[in-house]
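These are the residues of each chain, in order.
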Amino acid sequence: MKKFLFLFFWLPLVTFAQFTDINIIKEIHTKDKGLVVSAHPLASEAGAKIMKMGGNAFDAVIATQYALAVVYPQAGNIGGGGFLVGVKNNGEKFTLDFRETAPERASRDMYLDKNGRANTDLSQNGRLAVGVPGSVAGFFATLKYAKLPMEKLIQPAIDLADNGFALTEKEANLLNSESKNFDEYNRKTTVFQKNLPWKAGDILVQKDLAETLRRIQKSGMKGFYEGETAQLITAEMNRGNGIITLNDLKNYRVAERKPLIFNYKGHEIMSMPLPSSGGILLAQMLTMSGFENIGKYQHNSTAATQIMIEAERRAFADRAEFMGDPSFITDMTEMLISRDYLQNRWKTFNKNSATPSAAVGKITAQQSESTETTHISIIDKEGNAVAVTTTLNGLYGSKVMVSGAGFFLNNEMDDFSVKPGVPNMFGAVGGEANSIQPGKRMLSSMTPTIVLKNSKPYIIVGTPGGTTIPTSVYQSVVNTIDFGLSPNMSVNMPKFHHQWLPESVMVEKGFPETTIADLEKMNYKIERVQQIGRTEMIVIDENGNAVAVADGRGDDSVAAE
Ligand code: GLY
């Protein structure tokens, strides 16, 4: 426990790191003011600025997402997709599914060679990896809940693209390390490359992207899904093996879905239903660790960690077998989150040793991984709350930039099961439920989540991290509700992750060595990793006092109205 206290004092309440004109703020406490937490200070500020102009949480989330597409191009996007979970101050709860879809010309075996071997290079890199983007349609669908017109909400992003912004050290390093990939997957040198290496403080200007955003500002959805932008996208497809057509773009539709809602210790938890596995996994894991009364153990102790790993194992085995786009499969959600089913699932739990993954699921595989996505949490002073997770999938998605339009396209096709048992870039495997079909949405792990207490938003949380998303959100919720940790500790204490296959358990730098040693004695194979996720969390107490915390693992930052 001493270590935790030390970290609590060490993690500063408010941190300012100066990168030319960029202030990274890690934590803000406030009351009666809107709060935005995102992966980049300028994006959070864009959202806060919109609230100062009279916008609500939904206005702010649109502005923040557009700004992320400019200042955080590795994951913030207009060429990807995502999910939004919202609750209005009148109690109305909703979700928006703006996940990418498989193009009309996609087919089940499109990534298999003539010998039936999966070529995951094609599903992960280059033009054939791209799903039909949903983000811009998602921003327009959000307008229904907002107050201000899109022209105003997109303006901060246009200004950032037009005038440029100062790179942080992390961004500069990332752009330098990705330059070779940009060369490999693009015909022309991109705006993200120059002769000298980028360094912190360099100004990045994106004129083509500014023009694309202006077309959206002027023509609405048609400014992206039809006309010049759509033509630039299809021209990019035709520069290689891409298959997205003008019709695919024109026919893209957002799905409004009923949130997945379940009860946990007197809290109402709302999260994303299929085609994200996130909400189901969260419900399953919380219910299963609840059988062991997880709160009676210490945070990151051997007992608590083992219980949570075993809950993760069983939930992820179900993910592989049962989950996919509900328009194409039989939706088993009700059964999967039912107490009876989970009690039965939990019968094989052994508190003295690891359960072999083969004992709880059917498909075999090996692992690979990557963790690019991004999350935004927002509360406004009227009590509206929104959690959005959005993604290009891999770092800079397919690495293909739409030439002349200035934005990266996703590589979301890899989130399908390209062949039963073949792992995607997160090491996740799947079967028929998540096979490729034209128009189908690929299974996701994104878990934008709002926890309500007495019908009011209590926790707004989410994170990037591929398959580590549901397990990080799970830990953040348990850390807050069961272990009583502060929001700062809930976000920043070392996390762990297990996903059924591979058998190993990832532990983040700084995870307690005594717990690791105990787990190894119980037959757990430990894989040490530098970082898991980048959680953005807002916690509001019953008196309306709010604390927003931006993850310390990156340049993530909070802004207040
Ligand atoms: N592309 C990561 C996810 O949707 O889970």
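Residues numbered from 1 in each chain as written. Predicted model: local features only at pLDDT ≥ 70, side-chain atom pairs only at ≥ 80, totals over all residues. Heavy atoms only, no water.

1. Description of the overall build of the protein chain
What counts, and what does not: Here a helix means four or more residues in a row that DSSP labels H or I, a strand means two or more in a row labelled E, and each is numbered from the N terminus. Computation of the radius of gyration draws on C-alpha atoms, with the globule rule given as 2.2 Å multiplied by the number of residues to the power 0.38. Buried means the residue's accessible area, taken with a 1.4 Å probe over protein chains only, is under 20% of the maximum for its type, while exposed means over 50%, and partly exposed covers the values in between. Should any heavy atoms of two residues lie within 4.5 Å, those residues are counted as being in contact. Only four residue types enter the tally: Lys and Arg on the positive side, Asp and Glu on the negative side, with His and both chain ends excluded. A single reference atom marks each charge: NZ on Lys, CZ on Arg, CG on Asp, CD on Glu.
The secondary structure content of the protein chain amounts to 18 helices and 21 strands. Against the globule reference of 24 Å for 561 residues, the protein chain gives a C-alpha radius of gyration of 22 Å, in line with a compact fold. Summarising its shape, the C-alpha atoms of the protein chain cover approximately 60 × 60 × 45 Å along the three principal directions. Considering the protein chain as a whole, with its 561 residues, one finds that 66% of them fall into the buried category. Sequence-distant contacts in the protein chain: of pairs separated by 6 or more residues, those separated by 24 or more amount to 73%. One finds the centroid of the 58 positive side-chain charges in the protein chain at a distance of 1 Å from the centroid of its 60 negative side-chain charges.

2. Some thoughts on the pattern of salt bridges
To keep it simple, the criterion reads: The term salt bridge refers to a side-chain nitrogen of Lys or Arg lying within 4 Å of a carboxyl oxygen of Asp or Glu.
Counted by the stated rule, this structure contains 33 salt bridges. Put simply, Glu561 and Lys381 hold a salt bridge, and the shortest N to O gap is 2.5 Å. Within this pair, whereas Glu561 is found in the segment after strand S21 (557–560), its partner Lys381 is found in the loop between strand S12 (374–379) and strand S13 (385–391), the two being separated by 180 residues in sequence. Relative accessible area serves as the criterion here: at 16%, Glu561 is assigned to the buried category. The salt bridge involving Asp551 is made with Arg553; its shortest N-O contact spans 2.9 Å. The structure contains a network of salt bridges with shared partners spanning Arg99, Glu100, Glu412 and Asp415.

3. Thoughts on the sheet that holds strand S16 (residues 496–497)
Each strand in a sheet pairs with another by means of backbone hydrogen bonds, the pair being arranged parallel or else antiparallel. Here is the rule we go by: One bridge is not enough; two strands pair if DSSP finds at least two bridges between them.
Taken in spatial order, the three strands of this open sheet run S16-S17-S18, and their pairing is mixed. Each edge of the open sheet carries a strand with a single partner, namely S16 and strand S18 (526–529). Note: S16 against strand S17 (residues 505–508), two bridges, orientation antiparallel. Within the sheet, the bridge partner assigned to Phe496 lies in S17 and is Val507.

4. Regarding the site of the ligand
Defined as follows: We call a residue near a molecule or strand when any one of its heavy atoms sits within 4 Å of it. For this analysis, a polar contact is any N or O atom pair within 3.5 Å, provided that within protein one partner can donate a hydrogen and the other can accept it, and provided that sequence-adjacent residues contribute only side-chain to side-chain pairs. Shrake-Rupley sampling with a 1.4 Å probe provides the accessible areas, and residues are treated as covered by the protein chains on show and by no other component. When residues are sorted by character, Ala, Val, Leu, Ile, Met, Phe, Trp, Tyr, Cys and Pro go into the nonpolar class, Asp, Glu, Lys and Arg into the charged class, and all the rest, Gly among them, into the polar class.
Taken together, Arg99, Thr391, Asn393, Glu412, Asp415, Phe426, Ser444, Ser445 and Met446 make up all the residues around the ligand. Measuring from a nitrogen atom of the ligand, one finds a side-chain N or O atom of Asp415 at 2.6 Å. Ser445 has a polar backbone atom sitting 2.7 Å from an oxygen atom of the ligand. Across the complex, the protein chains shield 99% of the 200 Å² of accessible surface that the ligand would expose by itself. Across the shell around the ligand, the residue classes break down as two nonpolar, four polar and three charged.

5. Side note on the packing of aromatic side chains
The condition that has to hold: For this analysis, a ring pair means two rings from Phe, Tyr or Trp (six-membered ring only for Trp) whose centres lie within 6.5 Å, classed as stacked if their planes differ by under 30 degrees, edge-to-face if by over 60, and tilted for the remaining angles.
As enumerated under the stated definition, the model contains 15 aromatic pairs in all. Consider the rings of Tyr225 and Tyr252, whose centres lie 6.0 Å apart with planes at 10 degrees: the pair is stacked. With Tyr225 in helix H9 (residues 222–225) and Tyr252 in the loop between helix H11 (246–250) and strand S9 (255–257), this residue pair connects regions lying 27 residues apart in the sequence. For Tyr225, a relative accessible area of 4% translates into the label buried. Ring geometry for Trp346 versus Phe349: centroids 4.5 Å apart, planes at 10 degrees, classification stacked. Residue Trp346 is classed as buried on the basis of its relative accessible area of 6%.

6. A few points about the pairing of S17
Of the two faces of S17, the one lined by Val505 and Val507 and the one lined by Met506 and Glu508 are each fully buried. Looking at chain direction, S17 and S18 are connected through four bridges and run parallel. Within the sheet, the bridge partner assigned to Val505 lies in S18 and is Ile526.

7. Remarks on the sheet that holds S13
Under the convention used in this document: Lines fitted to C-alpha atoms define the axes, with helix axes restricted to the stretch in contact, and inter-axis angles between N-to-C directions lie between 0 and 180 degrees.
Pairing in this open sheet of seven strands is antiparallel, and the strands run S9-S6-S5-S13-S12-S4-S21 from one edge to the other. Of all the strands in the sheet, just S9 and S21 have a single pairing partner and so form its edges. On average, adjacent strands in this sheet sit at an angle of 15 degrees to one another, irrespective of strand direction. With seven bridges joining them, strand S5 (residues 81–87) and S13 adopt antiparallel strand pairing.

8. Concerning unusual backbone geometry
Glycine aside, negative phi is the norm for most residues, and most peptide bonds take the trans geometry. A cis amide bond links Leu274 to the next residue, Pro275, at an omega of 15 degrees. Its identity as a non-glycine residue notwithstanding, Lys265 has a phi of 50 degrees, on the positive side. Inspection of the secondary structure puts Lys265 in the loop between strand S10 (260–264) and strand S11 (267–271). For Tyr396, which is not a glycine, the phi torsion comes out positive at approximately 55 degrees. Locating Tyr396 in the fold gives a position in the loop between S13 and strand S14 (449–453). Since its relative accessible area comes to 2%, Tyr396 is described here as buried.

9. Looking at the side chain of Glu412
Relative to the assigned elements, Glu412 resides in the loop between S13 and S14. Excluding anything up to four places from it in sequence, Glu412 contacts Arg99, Glu100, Ala129, Thr391, Leu392, Asn393 and Met442.

10. As for helix H6 (residues 150–163)
Quick note on the threshold: Here the expected span of a helix is defined as 1.5 Å times the quantity of residues minus one. At every residue, the bend is computed as the angle between two fitted axes, covering the seven residues ending there and the seven beginning there respectively.
Its 14 residues give H6 an end-to-end C-alpha distance of 20 Å, which sits within 8% of 20 Å, the value for a rise of 1.5 Å per residue. Maximal helix bending in H6 amounts to about 30 degrees, located at Pro156. Considered for burial, the residues of H6 that qualify are Met150, Leu153, Ile154, Pro156, Ala157, Ile158, Leu160, Ala161 and Asp162. On its buried face, H6 is in contact with helix H2 (41–52), helix H3 (57–71), helix H5 (135–142), strand S7 (165–166), strand S8 (203–204) and helix H8 (207–219). Remark: Gly164 follows H6 within two positions and exhibits a positive phi of approximately 85 degrees.

11. What about the nonpolar core?
Within soluble globular proteins, side chains that are nonpolar tend to cluster in buried spots. Rule in force here: We call a set of buried Ala, Val, Leu, Ile, Met, Phe, Trp, Tyr and Cys residues a nonpolar core when their side-chain atoms join them within 4.5 Å.
One finds Leu286 and Ile450 to be the most contacted residues of the largest nonpolar core, which totals 85 residues. Leave out the neighbours within four places in its chain, and Leu286 touches Phe262, Tyr264, Ile269, Tyr474, Val477 and Val478. In terms of nonpolar packing, the next biggest core, distinct from the first, is built from 82 residues, Ala39, Ile50, Tyr185 and Leu213 among them.

12. Describing the environment of Glu412
Glu412 gets classed as buried once you look at its relative accessible area, which sits at 1%. Polar side-chain contacts of Glu412 include one of 3.2 Å to the side chain of Arg99.

13. Overview of the environment of Thr189
With respect to the element layout, Thr189 can be found in the loop between helix H7 (169–185) and S8. Judged by relative accessible area, Thr189 falls into the exposed class, the value being 60%. For the pair Thr189 and Ser179, spaced ten residues apart in sequence, the C-alpha to C-alpha distance is 9.2 Å.

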